[in-house]
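Secondary and tertiary structure notes
The residues making up each chain are set out below.
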Amino acid sequence: MELDVRGEMCPYPAMKAKEALKKLPATERLDVITDHAPALSTVPWEGAKLGFAADVQPLAPGEWRIRLERAEAAVDQRKALAAIAARAAELTSER
Amino acid sequence: MQAGALPRTVRLPGARVPFTVVGAFIAIAAFGVYFTSQDFKLGAYWFIGVAFGVILQRSRLCFAGAFRDLIMGGDGRLLRAILVGLAVATVGMSFLMARFVPDPSFGTLPPGAHIQTVSFATVVGGVVFGIGMVLAGGCVSGTLWRMGEGYLNSWVAMVGILGGLWAGTKTWSWWWDHDVSKREATWLPAKLGMLPSIALVLAALGAIYVAVLWWELRSPQMPEPVAKPTTPAFTVRDHVGLAWSRAFRGGAWSYLTGAVCLAILGTFAYNIQAPLGVTGGLGLWTDQVASAFHAGGLPLKGADQLAGCTAGGGANWLTIRTMTMSGLVLGAFTASVVAGEFKIRFPRRAIRYPQALAGGALMGYGALLAVGCTIGAFFSSIPSLAVSGWLFGIALFAGAFVGVQIIRRLP
């Protein structure tokens, strides 16, 4: 499933991602498309809290795809937090 | 820098810089020189506005988010940073006020300080503003900074803000006659003395900080931005490069850095004439345009007795407030282009446009009633040791709470 939240700013990307994840069929994954940099940490974090692992990839300059898939094992929130913050910093500082 | 997004660049020593950045720097300097030649204060507030925009853009210090995120998700990081900023500004501005008014018990208020009345207008203004900022996705300063970053949503919100300010200007006389003129502008040092006032404000900020932290720790934490490991600097050029990349390349500044920078900037501004404020300038320009259609409302009734972020007499386009707000937009634009974060972004959901418009209108009306926004009536008022800043802050919180209930029900 794809969720296009381009042009939306906080709190909507995380809020809409959370709503979509709660309704997501068990076999599906969610792709969130955003152009709001803070969403790179808030969306994966909403995912982590619901047991999803995130993969963030740049689509275009200033545009990213956050792929949320159900994690096989239980998500360690501390590790997930550190990883999310590091990935967000990486994506917004390398240009 | 994103080569794809900004292909036209010029080569300067060490780096390729987009034309936009060079143009923005030239514009900032040229306007600065021009305004300074008109009046030193204008030039100073122009540069203060630019710095204001850079600080907000780099640190993403969102006052609307400070209240909203705590209520919505138990995330108090922004609010805690702002509390620290308020403490720094309180100390800084108190030192200046103590010099301006050596004996506070005498009854004179420090000139230029944002000491609004303890009135229903301040409370109603705060609640209305609080609802509006959550609907619009940013307060007035947040809207100005995101306009510079390319958020179309914020441009729509600004239209609402101007409309709200105009409506406020036209109905102000009623508020003045029935409420504001009868109320007192309470300055804490006049009642308690300077040192006890500073101590009381700092203690209250500290207590709220602890309360917010306690509230925050009840729910899962949010990711903190991680500083990227830096390569060691050996030469002067390395050091300059490192400083530049820390300021403009490393993702964003921490909220705390932004809030403390803003507090220092506010103290600087007060040293010249008045602390930070933006809505007064917006109100003035709105009224200038409205006057052209014989629909102006300035000067406000009782304007000579009003403290805070006022629009002034309505006879001039260039004031310290209009300098601050226009500098802010250009500063935020420049910072976002330098950081490669500028992008025209428009919401795909149609509801966001009327939502931003309505939120903006509420903010404009609220800011006029309270004689300031989250900056002028909150971030500049509490450090002015004014009771009104606290009143407005509490009202903002209540308004933000209502706003959160509304946006939870929107698509």
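Residues numbered from 1 in each chain as written. Chains lettered and ligands numbered in written order. Predicted model: local features only at pLDDT ≥ 70, side-chain atom pairs only at ≥ 80, totals over all residues. Heavy atoms only, no water.

Overview of the overall build of chain B
- Each helix and strand in chain B was counted, giving 16 helices and two strands.
- Taken over C-alpha atoms, the radius of gyration comes to 21 Å for chain B, in line with the 22 Å a tight globule of 411 residues would show.
- C-alpha atoms of chain B, sized along the principal axes, occupy 60 × 50 × 50 Å.
- Taking contacts inside chain B between residues at least 6 apart in sequence as the whole, the part at least 24 apart equals 81%. (Helix = DSSP H or I, 4+ residues; strand = E, 2+ residues; numbered from the N terminus. Rg over C-alpha atoms; globule rule 2.2 N^0.38 Å. Contact = heavy atoms within 4.5 Å.)

Some points on the packing of helix α5 (residues 120-136) of chain B against helix α16 (residues 387-409) of chain B
Residue and element names in this part refer to chain B.
- With their axes 6 Å apart at the nearest point, α5 and α16 run at an angle of 40° to one another. If you check the angle between α5 and α16, you find them oblique. Two packed elements cross with a definite hand, and for α5 against α16 that hand is right-handed. Residue-level inspection shows T122, V123, G125, G126, V127, F129, G130, I131, M133, V134 and L135 of α5 in contact with α16, the latter providing S388, L391, F392, A395, L396, G399, A400, V402, G403, V404, I406 and I407. (Axes fitted to C-alpha atoms, helices over the stretch in contact; angles between N-to-C directions. Parallel < 35°, antiparallel > 145°, perpendicular 65-115°, else oblique. Left-handed = near helix turned anticlockwise from the far one by under 90°.)

Comments concerning the sheet that holds strand β2 (residues 30-34) of chain A
Residue and element names in this part refer to chain A.
- Taken in spatial order, the four strands of this open sheet run β1-β2-β4-β3, and their pairing is mixed. Edge positions in the sheet fall to β1 (2-4) and β3 (52-60), since each has one partner strand and no second. Pairs of neighbouring strands in the sheet enclose a mean axial angle of 20°, with direction left out of account.
- Where β2 and strand β4 (residues 63-70) come together, five bridges link them in antiparallel fashion. Each bridged residue has a counterpart across the sheet, and for L30 the counterpart in β4 is L68.
- Against the sheet, helix α1 (residues 12-23) engages β1, β2, β3 and β4, with an angle of about 165° to β2. (Pairing = 2+ DSSP bridges.)

So, the pairing of β3(A)
- As defined by bridge partners, β3(A) adjoins β4(A) across eight bridges and the pair is classed as antiparallel. Counted as the bridge partner of A:A60 is A:E63 from β4(A).

Concerning the nonpolar core
Residues and elements named next belong to chain B.
- Counting residues in hydrophobic clusters, the biggest one holds 111 residues, and the most contacted among them are F129, M133 and L262.
- Top element by residues in this core is helix α4 (residues 77-100). It accounts for ten residues.
- Apart from the residues lying within four places of it in its own chain, the contact partners of M133 are F63, A64, F67, G138, C139, M363, T374, L396 and A400. (Core = buried A, V, L, I, M, F, W, Y, C linked by side-chain atoms within 4.5 Å. Buried < 20%, exposed > 50% of the residue type's maximum accessible area, 1.4 Å probe, protein only.)

Section: the packing of aromatic side chains
All names here are of chain B.
- Under the defined criterion, the tally for this structure stands at 14 aromatic pairs over all chains.
- Taking 5.1 Å as the distance between ring centres and 80° as the angle between the ring planes, the aromatic pair formed by F333 and F342 counts as edge-to-face.
- On the basis of relative accessibility, which here comes to 21%, the residue F333 falls in the partly exposed class.
- Relative accessible area serves as the criterion here: at 29%, F342 is assigned to the partly exposed category.
- Taken together, F31, Y34, F35 and W46 form an aromatic cluster joined through their ring pairs.
- Over the ring of W145 we find R146; its NZ or CZ atom is 4.2 Å from the centre of that ring.
- When the ring centre of W214 is taken as origin, the NZ or CZ atom of R218, which lies over that ring, is 5.2 Å away. (Phe/Tyr/Trp six-rings, centres within 6.5 Å; stacked < 30°, edge-to-face > 60°. Lys NZ or Arg CZ within 6 Å of the ring centre and 35° of its normal.)

What about a positive patch on the surface?
- A contiguous patch of positive charge on the surface is contributed by A:K18, A:K22, B:R408 and B:R409.
- When contributions to the positive patch are tallied by element, the ones reaching two or more residues are α1 of chain A together with α16 of chain B.
- Position of B:R409 among the secondary structure elements: in helix α16.
- Judged by relative accessible area, which is 67%, B:R409 ranks as exposed. (Patch = residues over 30% accessible without salt bridge, like charges linked within 9 Å, V, L, I, M, F, W, Y side chains within 5 Å. Areas by Shrake-Rupley, 256 points an atom, 1.4 Å probe, with all protein chains shown as cover. Salt bridge = Lys/Arg side-chain N within 4 Å of Asp/Glu carboxyl O. Lys, Arg positive; Asp, Glu negative; His and termini not counted. Charge placed at Lys NZ, Arg CZ, Asp CG, Glu CD.)

Some remarks on the confidence of the model for chain A
- Per-residue confidence for chain A gives a mean pLDDT of 88, with 97% of residues at or over 70.
- By mean pLDDT, helix α3 (residues 77-93) of chain A is the weakest element of chain A at 81, and β2(A) is the strongest at 95. (pLDDT = per-residue confidence, 0-100.)

Some words on the state of the cysteines
- Counted under the stated rule, the structure contains zero disulfides over all chains.
- Here B:C62 stays unpaired: no disulfide links it, and the sulfur of B:C139, its closest cysteine neighbor, is 6.3 Å away. (Disulfide = S-S within 2.5 Å.)

As for the pattern of salt bridges
- In this structure the tally under the stated criterion is 21 salt bridges over all chains.
- The salt bridge involving A:R6 is made with A:D4; its shortest N-O contact spans 2.8 Å.
- Note that B:E216 is salt-bridged to B:R80, the shortest N-O span being 2.8 Å. Of this pair, B:E216 sits in helix α9 (residues 194-216) while B:R80 sits in helix α4, and the two are 136 residues apart along the sequence.
- Each of the salt bridges in this network shares a partner with another, and the network as a whole consists of A:D4, A:R6, A:D35, A:E63 and B:K343.

Details of helix α12 (residues 279-292) of chain B
Residues and elements named next belong to chain B.
- Compared with an ideal rise of 1.5 Å per residue, which puts 14 residues at 20 Å, α12 spans 20 Å between its outermost C-alpha atoms and is within 8% of the ideal.
- Counting buried residues along α12, ten of its 14 residues qualify, which places the element largely inside the surrounding structure.
- Along α12, the positions that sit buried rather than exposed are T279, G280, G281, L282, G283, L284, T286, D287, Q288 and A290.
- Just downstream of α12, H294 is the residue with a positive phi angle, here 55°. (Expected span 1.5 Å × (residues − 1).)

Structural notes on helix α13 (residues 320-338) of chain B
- With 19 residues, α13(B) should cover 27 Å at 1.5 Å per step; its first-to-last C-alpha distance of 26 Å lies within 8% of that length.
- At the exit of α13(B) stands B:G340, carrying a positive phi of roughly 70°.

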